[in-house]
Structure formats: structure tokens, C-alpha cells
Amino acid sequence: MTSRTVITGIGVVAPNGVGADAFWKATQSGLSVLDRVTRAGCEHLPLRVAGEVRGFDPGALVEDRFLVQTDRFTHHALAAADLALEDARLGRADYEGDPFSVGVVTAAGSGGGEFGQRELQHLWEQGPRFVGPYQSIAWFYAASTGQISIRRGLKGPCGVVASDEAGGLDAFAHAVRGIRQGSRAMLVGATEAPLAPYSIVCQLEYEGLSTQDDPERAYRPFTDKACGFVPAEGGAMFVVEDETQARRRGATVRAVVAGHGATFSGTRRRDTSGEGLAHAIRGALREAGCAPEEIDVVFADAIGTPEADAAEAAAIADALGAYGRKVPVTAPKSGTGRAYCAAPALDTAAAVLALEHGIVPPTPNVYDVCHDLDVVTGSARTAELRTALVLSRGRMGSNSALVVRKGS
């Protein structure tokens, strides 16, 4: 990256809190909010534990005319986008004279399953005349990007990334490219809502999905008791800007998007994903102009199966050398669940907040680490943090790494 792209706003809708402050308070304390799935229609499904966003009232945050034509995953995105814009103090008046200077890019993996299921039920139970007109768009991966753009009047470059779970980081690379090509700002991030019955049924064949019914044991990455991951909903949106433009308008620079790397290893087997992930890490470090020993904390992908965790540990050691055994590693998602494309977006939010506060958050429900990694467990660890590395892998072989530096 030849010019600095900076993060000036963070908006979070997560199982452990709505808003960056609530999210960080829970994350740095190591709070686990995993619990039994409570969604109607899921009572008899094998998935027992997940990370639900409770107490989220989209009607209090989003106008009815947008709610009726969108799915829950887009409700999360619209709310998180509002929070990010508010945090960045970037209002409509700032870009109204040039709406083509601000764009939107999101990532999505599961789409609008809840909306789609409801309308399909109407089709089979009542007939085609009872299917709503928004069925054609609400389920679609690009729905959040489009609705944010329309609602906020953002006419710059817009897109959606569909590179499996790694898309939550790949979206940042697309946003940075938009800034390089002349956009003054981009809204970027990912949200998911994969906990409707239809969506859960689609996930039951996922390798590594945990069906444990004890919330404290259902998702324990990097331990010899690792039995997979549990899904989650929610996500995060960010305002990224050209640094010069941001400082000119007096915005606070929260972090610098320093480097990104991505690979595709072409396999569904996450136990063999280490080589591809290591290449992605090296690519991100190279783009950031960052030596391995400059990484102060790693936010791990942490799938939660012995084979996949071993592959990630090997990738960190491969890419960072001997330093990979010393750098603090954390996986806050073990306390909130794995929100697919939104998981690395939430990790990026946690990474920025960790850099700001000089605190490495712990990995909830993890105590007996069985890999050669310095996994932060139990309680948060204070440290001088300047640079963070965020990792993500997808089911089908996508690998991504993002380097973020402390704002100044």
C-alpha cells in the first residue's frame, strides 16, 4: 500500500455488546456469552450453542421502510454502519456535495436466511401471491452494501466480497483500493445472521461445527478438548479514509490499515491450510513493510479443531519464525462464537481497540493450551502494542491476513 488508509470509525453489533465501548468492555474482560440457541424452530436441531445478539431492537435504529425489505444480517449492517459513521463524525453534510467520493464494501457468507425461509414458507403454505416482493433482494449477499448505500446516499465504488470467511478481511483490501483510486472514504465490514432454522440446517454438514450442549465446552480452540466452533451473528463496520482527508476534517485516526495478504489453497481440509495461511501472512507483512518481530499481537482464526488449530500454529511459526512462539496470540471469538465473514471484522475491531488501550484480551473458556503458542488465557494482558495481525480462513480454502498499526 503506497498511501496510508486509516480507520476513523468503528461500529459493532456483537453477541457481547452493541457499540464499540460495550463490545470492548466485554472483550477485554474475557466475558463469554455463548449460550443455548433460543431461536424459534431450532429446538430440535443438533446445534445447541451459539452466539446470539440479544436485546437488539432494529426498529429503534433503522426506519421501517428499510426493515421490511431486509434480513436480520442487513439490520446488523445498517446499525453498525450508523455507529461507525457517528464514531468517525462523518455526516451527510461532509459528503453531500460529492456523494461519489464515499463508497461501501461488505462481505457476506450466509446471506438473508431468515427472510428467505419466511417467504418460502409463505410460498408453500399459502401460494405465490403471498410471497413478498423483497424476497428477490433481501437474501442476496450484496443486500447490505446496497441498502447502506441507498440509505446513506453513498454513490462511490460499492461492492460485496464473497470469499468465504476470509472475506471479512479481504473487504479491507477492496476499500483501500477505493481510497487509492480517489475515494475520500469507504464504509467497510461484514455482518452475519446464520441462526435461522434453514441457515442452521445448511451448516450441519460443516466440518468442525460443534454440537456440544455445554456453552463452556462447546468452543475451546488450541486445547486438547477442542471439538469445533459454534456459529454467531452480528459483525462490525468501519469508516476508512485517506489519511490526509481525515486529518483535514479533524477526524481521530484510530488505526492504520497497513497491509493485507490473501491466498487460496484450493482445499476444504483446514488441517492442510497452514501453508496457504503462512503465505498470506508473509504477503501482509511485505505490503505493510513490517518485520515479523514488529507484530505485537496475533488475533487468531481459531477454528477449534485439533487439526486446523495445529495448521494455524504451524503457519504462525512458519511466517514469523522463532518469534511466532513468543508473540501473544488471542481469540476473543471463543467467547462470542464464530460469525463467519463477520468473525475477522469483529477481530479487527478488537485489534484496533487493543492497540488503543494497550491490552491483549484473553481467550475465553481456554486454559490448557496444547500448541506451541503464547495464547493469552484467563485474564487480559497489558502490553505496549503498536502493530496487530488478524488472521482468517474459509471453509473452501481462502486464507487472509491483515496488519493494522496503532493510530497516531
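Below or above, wherever it landed, is the structure these notes cover.

Cut-offs used in this document
Residues numbered from 1 in each chain as written. Predicted model: local features only at pLDDT ≥ 70, side-chain atom pairs only at ≥ 80, totals over all residues. Heavy atoms only, no water. Core = buried A, V, L, I, M, F, W, Y, C linked by side-chain atoms within 4.5 Å. Buried < 20%, exposed > 50% of the residue type's maximum accessible area, 1.4 Å probe, protein only. Helix = DSSP H or I, 4+ residues; strand = E, 2+ residues; numbered from the N terminus. Contact = heavy atoms within 4.5 Å. Expected span 1.5 Å × (residues − 1). 1 Å grid on protein atoms, 1.4 Å probe; cavity = no way out; pocket = protein on both sides within 12 Å on 5 of 7 lines; lining within 4 Å. Points joined across faces, edges and corners; volume = space filled by probe spheres on them. Nonpolar A, V, L, I, M, F, W, Y, C, P; charged D, E, K, R; others polar. Phe/Tyr/Trp six-rings, centres within 6.5 Å; stacked < 30°, edge-to-face > 60°. Pairing = 2+ DSSP bridges. Salt bridge = Lys/Arg side-chain N within 4 Å of Asp/Glu carboxyl O. Axes fitted to C-alpha atoms, helices over the stretch in contact; angles between N-to-C directions. Parallel < 35°, antiparallel > 145°, perpendicular 65-115°, else oblique. Left-handed = near helix turned anticlockwise from the far one by under 90°.

**Side note on the nonpolar core**
General note: in soluble globular proteins, nonpolar side chains tend to be found buried as a group.
So, step 1. Formed by 47 residues in total, the largest nonpolar core has its most connected members in Ile7 and Phe238.
So, step 2. Element by element, the count of residues in this core is highest for helix 13 (residues 342-357), at 10 residues.
So, step 3. Leaving out residues up to four positions away in the same chain, Phe238 has contacts with Ile7, Gly9, Ile10, Ala84, Phe172, Met186, Leu187, Val188, Gly189, Ala345, Thr348 and Ala349.
So, step 4. Formed by 45 residues, the second largest nonpolar core is a distinct cluster that contains Ala50, Phe229, Ile295 and Ala401.

**Some thoughts on helix 8 (residues 167-180)**
So, step 1. Here helix 8 spans 20 Å end to end across 14 residues, near enough to the 20 Å set by a 1.5 Å rise per residue.
So, step 2. Where burial is concerned, most of helix 8 is hidden: 10 out of the 14 residues are buried.
So, step 3. Along helix 8, the residues that are buried comprise Gly167, Gly168, Leu169, Asp170, Ala171, Phe172, Ala175, Val176, Gly178 and Ile179.
So, step 4. At the exit of helix 8 stands Gly182, carrying a positive phi of roughly 120 degrees.

**Describing the layout of surface pockets**
So, step 1. Space inside the largest pocket adds up to approximately 530 Å³.
So, step 2. Lining the largest pocket are 26 residues; nearest its centre among them are Gly109, Ser110, Gly111, Tyr141 and Tyr206.
So, step 3. Elements that contribute at least two residues to the lining of the largest pocket include exactly helix 5 (113-126) and helix 9 (197-203).
So, step 4. Its residues assigned to classes, the lining of the largest pocket comprises 11 nonpolar, 11 polar and four charged.

**Concerning the packing of aromatic side chains**
So, step 1. Applying the stated rule across the entire model yields four aromatic pairs.
So, step 2. For the pair Trp139 and Phe140, a centre-to-centre distance of 5.4 Å together with 70 degrees between the ring planes defines the contact as edge-to-face.
So, step 3. A relative accessible area of 42% means that Phe140 is categorised as partly exposed.
So, step 4. Note on Phe229 and Tyr340: the rings are 6.0 Å apart at their centroids and 90 degrees apart in plane angle, and the pair reads as edge-to-face. Here Tyr340 lies in the loop between strand 11 (328-330) and helix 13 and Phe229 lies in the loop between helix 9 and strand 8 (234-242), a separation of 111 residues in the sequence.
So, step 5. Residue classification places Tyr340 among the buried positions, given a relative accessible area of 7%.
So, step 6. The rings of Tyr206, Phe229 and Tyr340 are connected pair by pair, giving a single aromatic cluster.

**Focus on empty space enclosed by the protein**
So, step 1. Using the criterion set out here, one finds two cavities of 30 Å³ or more in the structure.
So, step 2. Computed from the structure, the largest cavity encloses a volume of approximately 120 Å³.
So, step 3. If you trace the largest cavity, you find 17 residues lining it, with Phe23, Thr27, Pro332, Lys333 and Thr336 closest to the centre.
So, step 4. Taken together, the elements giving at least two residues each to the lining of the largest cavity come down to helix 1 (20-29) and helix 13.
So, step 5. If one sorts the elements of the lining of the largest cavity by residue count, helix 13 sits on top with four residues.
So, step 6. Each residue belonging to the lining of the largest cavity can be placed in one class, and the counts come to nine nonpolar, six polar and two charged.

**Examining the pairing of strand 7 (residues 185-192)**
For a regular strand, side chains alternate in direction, first toward one face of the sheet and then toward the other.
So, step 1. Burial analysis of strand 7 places eight of its eight residues in the buried class, the great majority of the element.
So, step 2. Here strand 7 shows two buried faces, one formed by Ala185, Leu187, Gly189 and Thr191 and the other by Met186, Val188, Ala190 and Glu192.
So, step 3. Direction of pairing for strand 7 relative to strand 8: antiparallel, over a ladder of eight bridges. The residue bridging Ala185 from the neighbouring strand is Glu241, located in strand 8.

**Description of the pattern of salt bridges**
So, step 1. According to the stated counting rule, one finds 26 salt bridges in the structure shown.
So, step 2. Between Asp301 and Arg338 there is a salt bridge; the shortest N-O distance is 2.7 Å. A residue pair is termed long-range when its members are at least 10 positions apart, and Asp301 in the loop between strand 10 (297-299) and helix 12 (306-320) and Arg338 in the loop between strand 11 and helix 13 qualify at 37 residues.
So, step 3. In this structure Asp301 comes out as buried when scored by relative accessible area, which is 2%.
So, step 4. Judged by relative accessible area, Arg338 falls into the buried class, the value being 1%.
So, step 5. For the salt bridge of Arg393 with Asp301, the shortest nitrogen-to-oxygen distance reads 2.9 Å. Taken together, the residues Arg393 in strand 15 (residues 387-393) and Asp301 in the loop between strand 10 and helix 12 connect sequence positions 92 residues apart.

**Looking at the environment of Val240**
So, step 1. Assignment of secondary structure puts Val240 in strand 8.
So, step 2. Using a relative accessible area of 1% as the deciding quantity, one classes Val240 as buried.
So, step 3. Along the chain, Val240 and Ala185 lie 55 residues apart, while their C-alpha atoms are 5.6 Å from each other.
So, step 4. Not counting chain neighbours up to four residues away, the residues in contact with Val240 comprise Thr5, Val6, Ile7, Phe172, Ala175, Ile179, Arg184, Ala185, Met186, Val188 and Val257.

**Quick look at the packing of helix 11 (residues 274-288) against helix 12**
So, step 1. With their axes 8 Å apart at the nearest point, helix 11 and helix 12 run at an angle of 40 degrees to one another. Taken together, the axes of helix 11 and helix 12 are oblique relative to one another. As for the relative orientation of helix 11 and helix 12, their crossing is right-handed in sense. Facing Gly274, Leu277, Ala278, Ile281, Arg282 and Leu285 of helix 11, the residues of helix 12 in contact are Ala311, Glu312, Ala315, Ile316, Asp318, Ala319 and Leu320.
So, step 2. Of the residues in the contact of helix 11 with helix 12, the class split is nine nonpolar, one polar and three charged.

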